[in-house]
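# Summary of the model geometry
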Amino acid sequence: MDYLFTIIIPHKNIPHLLSRCLSSIPDRSDIQVIVIDDASDSTDEVKNVCSQYENTELLLTNDNCGAGFARNKGLERAEGKWILFADADDFFSPHLLDLITNHYTDKADIVYFGSESIYSESLAPSPKLDNRKKALKKYSSSPRRIEEFCRYYQTEPWGKMIKRSLIEKHHVRFDETPLANDFYFSVATGYFAETIAFDNQTIYMYTEREGSLSHKYSGDGTTVLTRLKVYKHVQDFFDEHKIPYAPFYRYSLSEYLNKESGFSDTVKDFWDKNSISFIKVLFRYTKDKLYQYTFGVHL
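An account of the accompanying structure is given in this report. None of these values were measured; they are calculated from a predicted model.

Okay, the environment of histidine 170 next. Position of histidine 170 relative to the elements: it lies in the loop between helix H7 (164–169) and helix H8 (183–192). On a C-alpha basis, the gap between histidine 170 and alanine 188 in space is 8.9 Å, while along the polypeptide they are 18 residues apart.

Rendered as C-alpha cells:
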C-alpha cells in the first residue's frame, strides 16, 4: 500500500479517549494509522477500539517504556510520505483532511499548523497554549522570527506534518524517557529541515486532563533530573550545530534558583557531574536572553 500519511499514536490505559482520537481521523486508504500500546493493564478494549478502523494497525509492547519508546516503534513501521503524531487523549480538528491534502505536495520538509487547547471532559477552551498562539500571531509577519519559533520552540511532535524522508535521512528518534521525550526529536527535525511552511489554521486539539503525564510528573527529584538530562541532550545538539539558544541553561538556572522547590542540590550535583559551573550557566543564560531580545523571539 502506498500511503501518503502515517499517523502515530502512543497509548496506555485510556481506550475511551483513544477511540475519540481515532474517530477524528478520516478512514481513507491513503492514511496509515499506527497505535502503539505501551503495556496497558488490559489490551482487550484497545484491540476492540482499533478493530473498528480499517487502516489502523495496533502494535502491542510489554516494555512499559513510555511514549518515546512507543513512537520509535511506530516510526519503524511507518510507510507514509508524511508523518503526523497524536497523543491518545487528544484529537484532530475537523480541518485535518483539508489541511493535509492542501499541503501534501509541498516542497517543505515540515509544515507547522495551529493548535487549540481544551479541557478533555468539558471541551471548554483552556489557556494552556495561549502563549504559543500569541507568539505565532506576533511572529507571523516576520519570516525569520516565525521560522526560528517553529524550528526550535514547537517542541511537541503534534501540530505538524513531517516528511518521513527527513526523519530517516538523519535517523532522528525520540528520547526514551518518562517525560520530555519529544524535545530532542522536535528540535532536531526542525534543524535538519531544509525548508519549512506554516499554516495557522487549527489541525490539532490538545486536551488537559487529570491523570495525564503533565499532571502525573508535577515536580519531584526524578522529574527534575530527567528534564536536566533531556535538556542537556538538546543543548549538546544546539552547541554542536551552533544554534544560539540555551534551553538547558535557562531550565537548570531557574530550578537552581527556586529555593522553595528544594531541588537546588539535585541541579548542583548534575552540574558537577557534567563539569558545569554556575558562572557558565549564568553566562549562557544571559547570552541566550540577549539573543532573544535582539531578534524578538520571546517566550
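What follows continues from the structure just given.
This next bit is on unusual backbone geometry. Residues other than glycine seldom take positive phi values, yet asparagine 64 does so here, at roughly 55°. Considering the arrangement of structural elements, one finds asparagine 64 in the loop between strand E3 (56–61) and helix H3 (67–77).

With that out of the way, let us pick up the sheet that holds strand E2 (residues 31–38). Here we have 8 strands laid out as an open sheet, ordered E3-E2-E1-E4-E7-E6-E8-E5, and mixed in their pairing. Of all strands in the sheet, those with a lone pairing partner are E3 and strand E5 (91–92), marking the two edges. Note that E2 and E3 share 6 bridges and pair parallel. Note on E3: the bridge partner recorded for valine 33 is threonine 56.

Moving on: the pairing of E2. Taken residue by residue, a regular strand's side chains alternate between the two faces of the sheet. The buried fraction of E2 amounts to 8 of the 8 residues, a majority that puts the element mostly inside the structure. Where burial is concerned, the two faces of E2 agree: the one with Ile31, Val33, Val35 and Asp37 and the one with Gln32, Ile34, Ile36 and Asp38 are both buried. Both strand E1 (residues 5–11) and E2 contribute to a ladder of 7 bridges, which runs parallel. Considered in E2, the bridge of proline 10 is made with isoleucine 36. Handedness of the crossover is the feature at issue here: the chain leaves E1, passes through helix H1 (residues 15–23), returns alongside E2, and the resulting connection is right-handed. What joins E2 to E3 is helix H2 (residues 44–51), and the crossover it makes is right-handed.

Tallying each qualifying case throughout the model produces 14 salt bridges. Among the ionic pairs, arginine 144 bridges to glutamate 148, the shortest N-O distance being 3.7 Å. With a gap of 4 residues between them, arginine 144 and glutamate 148 both fall in helix H6 (residues 143–153), about one helical turn apart. Relative accessible area serves as the criterion here: at 14%, glutamate 148 is assigned to the buried category. Across the salt bridge formed by arginine 173 and glutamate 168, the nearest N and O atoms sit 3.2 Å from each other. A relative accessible area of 17% means that arginine 173 is categorised as buried.

Counting buried residues along H3, 8 of its 11 residues qualify, which places the element largely inside the surrounding structure. Buried within H3 are the following residues: Ala67, Gly68, Phe69, Ala70, Arg71, Asn72, Gly74 and Leu75. Each element contacted by the buried residues of H3 is listed here: E1, E2, E3, strand E4 (82–85), H7 and H8.

Parameters and conventions
- Every chain's residues receive numbers from 1 upward, in the order its sequence appears when written.
- Owing to the predicted nature of the model, reporting of local features is limited to residues with pLDDT of at least 70; listing and counting of side-chain atom pairs is limited to 80 or more, with chain, interface and lining totals taken over all residues.
- Note that water and hydrogens are dropped before the side-chain values are worked out from all heavy atoms of the structure.
- The helix count covers DSSP runs of H or I at least four residues long, the strand count covers runs of E at least two residues long, and both are numbered beginning at the N terminus.
- Here, strands pair whenever DSSP counts at least two bridges between them.
- Only protein chains enter the accessibility calculation, which uses a 1.4 Å probe. A residue is then buried if its area is under 20% of the maximum for its type, exposed if over 50%, and partly exposed in between.
- Crossovers are marked right-handed if the path from the first strand over the helix to the second runs clockwise, as seen with the strands pointing away from the viewer.
- Take a side-chain nitrogen of Lys or Arg and a carboxyl oxygen of Asp or Glu: if they are within 4 Å of each other, that pair is a salt bridge.
- Any pair of residues with heavy atoms lying within 4.5 Å of one another is described as a contacting pair.

Any functional reading would require information beyond the geometric quantities listed.
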